[in-house]
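Take a look at the letters that make up each chain.
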Amino acid sequence: MSYTSRLTQAVIDLNALVSNYQYIDSLASNSNTIAVVKADAYGHDAIKVAHALRDKVSLFAVGFIDEALALRSGGIDTQILILEGPSKATDFAVADEHNFSLMLHSDYQIEWLKAFSPNAFDQKSVNLPTDNPSQMWLKIDTGMNRLGFQISCVERVISQLSQSQQSQLVLCSHFSTAEQLHSDKPLAQLAKLKALVAKYNCKFSMANSAGILNWSESHGDHNRLGLALYGISPIGITDISNPLVPVMTLTANIIAIHTIKTGETVGYGDVWQAKRETKIATIAIGYADGYPRNAKAGTPVFINGEIAPIVGRVSMDMITVDVTDLLQVNISDTAELWGKNISIDVVAKYSDTINYELLTRVSKRVPKVSLS
Ligand SMILES: Cc1ncc(COP(=O)(O)O)c(C=O)c1O
C-alpha cells in the first residue's frame, strides 16, 4: 500500500522539461543536445525525466555507471554517456553489455581499455552507424584542471587507440567560467580543443548550459545540457534565458500558526527575536528534506500569492515564517519554497550556496510528483 501522510513534495513539471529541452536544442541546431541526468537528474528523478525525454533525446549523460544502470532498470534503453568514465576495469564489460559510452580521461583507463578484449571492441565499432554517439570519448583538460588528459599527452594517448577507435573519436572538454560573459577563458579553452579537433579531424563536445547560452562558437557535435534543462539559468535572466521554465516546485504545508509577543524568540538558539507581536507559521520542511539549514532570516517563502520571510533557524523537519502581514493564512495552506514564484537563485543567495546544490540536495523523503 502506498500511503503518504505528509504533504511536502517536489512537483516536477515534465511539460516544462520538454519545452526547455526543445528550446535549448533549437539554439544549437547543428549540435546533438545531450541531456545530463546525473545526480538523479539534478534532483528531479532521473527515471521520470528520462522517460519524458526519451523520444527527443538520443544520448543521456550520467556521472558513473551505477547511475546508468539505474536508468536501464527504470526502462530506459537510450544510449548513455558516462562522464567520469570507468571507475573499475570491469566497467568496460558492463558498458559493452548495456550500451554505455565511457568518457576516458586518464592513462589507467586506457590500460583497462586495451586489456578489455580490444578485438571485440573493434568489431562492435565497425558495426556502428557513423553518427552513432557510441564513440571513443576522450576528455581533454583545457584549463579546468579537474579531469582530462593534458594537451601534451593527447598524441600519445590517441596513438594507442585502434584505427576504428580513432575514426570514432570525440574530444570533450569542460568550461570553468562559461557563465562569465566577460571572461577570456572560455574562448581560450575552446581554441585549445578546436586545435586538436582540426588536427585529428574528429568530433567534439565543449558546451554545457552556460556554454550553449553564452558562447555559440562553442556549440559542438554534442552539447551537454544540464542545469538549463531544468529551467534554471546559469547566466541570470537575459533575453536568451528568459524562455526557460523552472521544472521543480518545492512545496510544503503550514502545520501550525501561533502569535508571539514582542521580545519572544523563535526556534533553536533563540537567534531571532520578535520586534512586534508576530504571527508565526510553521511549515513542514527542513534540512532533512534538503532545505538549506543556513537559509538566513528573510529568505522568501510564497504563501497564498504573497511573500513572507523565514525567521529563526531552519530545523530538521520544519521552518518558521513571519506571516503577520499576509492577508490570509490558514493551517494546511501550501507554501512554495522555490519554483515558479520563488526563484531558487534567491534562496541560494540567502543560503550562501548555488542553485545546483539546492536542486541536488532535495532528499529522498521528499516525494517527486510529476505534472504532465
Ligand atoms: C562534464 C560535464 N558536462 C556537462 C555538465 C552539465 O553542466 P550544466 O549543468 O552547467 O549544464 C556537467 C555538470 O556538472 C559536467 O560535469
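What you see is a predicted model, and the numbers here were worked out from it, not measured in a lab.

Colleague: Before we go on, may I ask you to explain the overall build of the chain in this structure?
Modeller: In terms of regular secondary structure, the chain is built from 13 helices and 18 strands. Expressed along its principal axes, the backbone C-alpha trace of the chain runs to roughly 75 × 50 × 35 Å. By residue count, 53% of the 372 residues in the chain fall in the buried class. When the accessible surface of the chain is split by element, carbon and sulfur atoms take 51% of a total near 16,800 Å². Taking the average location of the 31 positive side-chain charges in the chain and that of its 36 negative ones, the two points are 3 Å from each other.

Colleague: It is not clear to me how the UniProt feature "active site" (unreviewed entry) in the chain should be interpreted in this structure. Could you clarify?
Modeller: Per the UniProt record, "active site" (unreviewed entry) is annotated on K38 and Y268. These residues run over 231 residues, and the two farthest C-alpha atoms among them are 35.1 Å apart, placing them at more than one spot. Tracing the chain through its elements places K38 in helix 2 (residues 38–43). Since its relative accessible area comes to 33%, K38 is described here as partly exposed. Not counting residues up to four positions away in its chain, the partners in contact with K38 are A61, V62, G63, E67 and L83.

Colleague: Would you take a moment to explain the packing of helix 1 (residues 14–27) against helix 3 (residues 46–53) for this structure?
Modeller: For any two helices packed against each other, the geometry is given by the interaxial angle and the distance between the axes. Their axes nearest at 10 Å, the elements helix 1 and helix 3 cross at an angle of 55°. For the element pair helix 1 / helix 3, the angle class is oblique. Where helix 1 crosses over helix 3, the two elements pack in a sense that is right-handed. Residues L14, L17, V18 and Y21 of helix 1 lie in contact with helix 3, whose contacting residues are K48, V49, A52 and L53.

Colleague: In this structure, what is going on with the site of the ligand? I would like to understand it.
Modeller: The full set of residues close to the ligand is K38, Y42, L83, K139, R146, H174, N208, S209, R224, G226, L227 and Y356. Between the ligand and the protein, one listed contact pairs an oxygen atom with a side-chain N or O atom of K38 at 2.8 Å. Here the ligand has 390 Å² of accessible area as a free molecule, and 91% of this is covered by the chains. When grouped by side-chain class, the residues that make up the shell around the ligand number 4 nonpolar, 4 polar and 4 charged.

Colleague: Looking at this structure, I do not really get the packing of aromatic side chains. What am I missing?
Modeller: How two aromatic rings sit relative to each other is given by the distance of their centres and the angle of their planes. A full pass over the atoms with the stated rule returns 5 aromatic pairs. With a centroid separation of 6.1 Å and an interplanar angle of 40°, the aromatic rings of Y42 and Y356 are classed as tilted. Of this pair, Y42 sits in helix 2 while Y356 sits in helix 13 (residues 355–360), placing them 314 residues apart in sequence. For Y42, a relative accessible area of 8% gives the class buried. Owing to a relative accessible area of 32%, Y356 belongs among the partly exposed residues under this scheme. Geometrically, the ring pair formed by Y108 and W112 is edge-to-face, given 5.1 Å between the ring centres and 75° between the ring planes. Highlighted residues: Y108 and W112, both in helix 6 (residues 107–115), separated by 4 residues, approximately one helical turn.

Colleague: Looking at this structure, I do not really get the sheet that holds strand 5 (residues 100–104). What am I missing?
Modeller: Pairing between the strands of a sheet is mediated by backbone hydrogen bonds and can be parallel or antiparallel. Taken in spatial order, the 8 strands line up as 8-7-6-5-4-3-2-9 in an open sheet, and their pairing is parallel. With one partner strand each, in any of the chains shown, strand 8 (203–205) and strand 9 (222–225) form the two edges of the open sheet. Across this sheet, the average inter-strand angle for adjacent strands is 30°, counted without regard to direction. Bridging between strand 2 (residues 32–36) and strand 9 involves 4 bridges; their strand directions are parallel. Among the inter-strand pairings, T33 is bridged to a residue of strand 9, identified as N223. Its contacts with the sheet put helix 10 (residues 185–200) on strand 7 (169–172) and strand 8, and the angle it makes with strand 8 is roughly 160°.

Colleague: Help me understand the side chain of N355 in this model?
Modeller: The residue N355 is located in helix 13 in this model. N355 sits in the buried class, given a relative accessible area of 8%.

Colleague: Help me understand the domain arrangement of the chain in this model?
Modeller: A common measure of how large an interface is: the accessible area buried when the components associate. Splitting the chain by domain gives domain 1 (31–230) and domain 2 (248–371). A straight line from the C-alpha centre of domain 1 to that of domain 2 covers 39 Å. With 7 residues of domain 1 at the interface, the matching set in domain 2 holds 7 residues. Here domain 1 meets domain 2 over a buried area of about 760 Å², counting both sides, of which 67% is carbon and sulfur. For the pair domain 1 and domain 2, the number of links is 0 salt bridges. For the interface between domain 1 and domain 2, the tally reads 1 residue pair in polar contact (both at pLDDT 80 or more). For the side of domain 1 that touches domain 2, the element with the most residues is helix 2, which contributes 3 residues. Split into classes, the residues belonging to the side of domain 1 that touches domain 2 amount to 3 nonpolar, 2 polar and 2 charged.

What counts as what
Residues numbered from 1 in each chain as written. Predicted model: local features only at pLDDT ≥ 70, side-chain atom pairs only at ≥ 80, totals over all residues. Heavy atoms only, no water. Helix = DSSP H or I, 4+ residues; strand = E, 2+ residues; numbered from the N terminus. Buried < 20%, exposed > 50% of the residue type's maximum accessible area, 1.4 Å probe, protein only. Areas by Shrake-Rupley, 256 points an atom, 1.4 Å probe, with all protein chains shown as cover. Lys, Arg positive; Asp, Glu negative; His and termini not counted. Charge placed at Lys NZ, Arg CZ, Asp CG, Glu CD. UniProt positions renumbered as here; feature names shortened; annotations may be inferred. Contact = heavy atoms within 4.5 Å. Axes fitted to C-alpha atoms, helices over the stretch in contact; angles between N-to-C directions. Parallel < 35°, antiparallel > 145°, perpendicular 65-115°, else oblique. Left-handed = near helix turned anticlockwise from the far one by under 90°. Near = heavy atom within 4 Å. Polar contact = N/O pair within 3.5 Å; in protein donor to acceptor, adjacent residues only side chain to side chain. Nonpolar A, V, L, I, M, F, W, Y, C, P; charged D, E, K, R; others polar. Phe/Tyr/Trp six-rings, centres within 6.5 Å; stacked < 30°, edge-to-face > 60°. Pairing = 2+ DSSP bridges. Domains from an automatic or database assignment. Buried area = accessible area lost by both parts, 1.4 Å probe. Salt bridge = Lys/Arg side-chain N within 4 Å of Asp/Glu carboxyl O.

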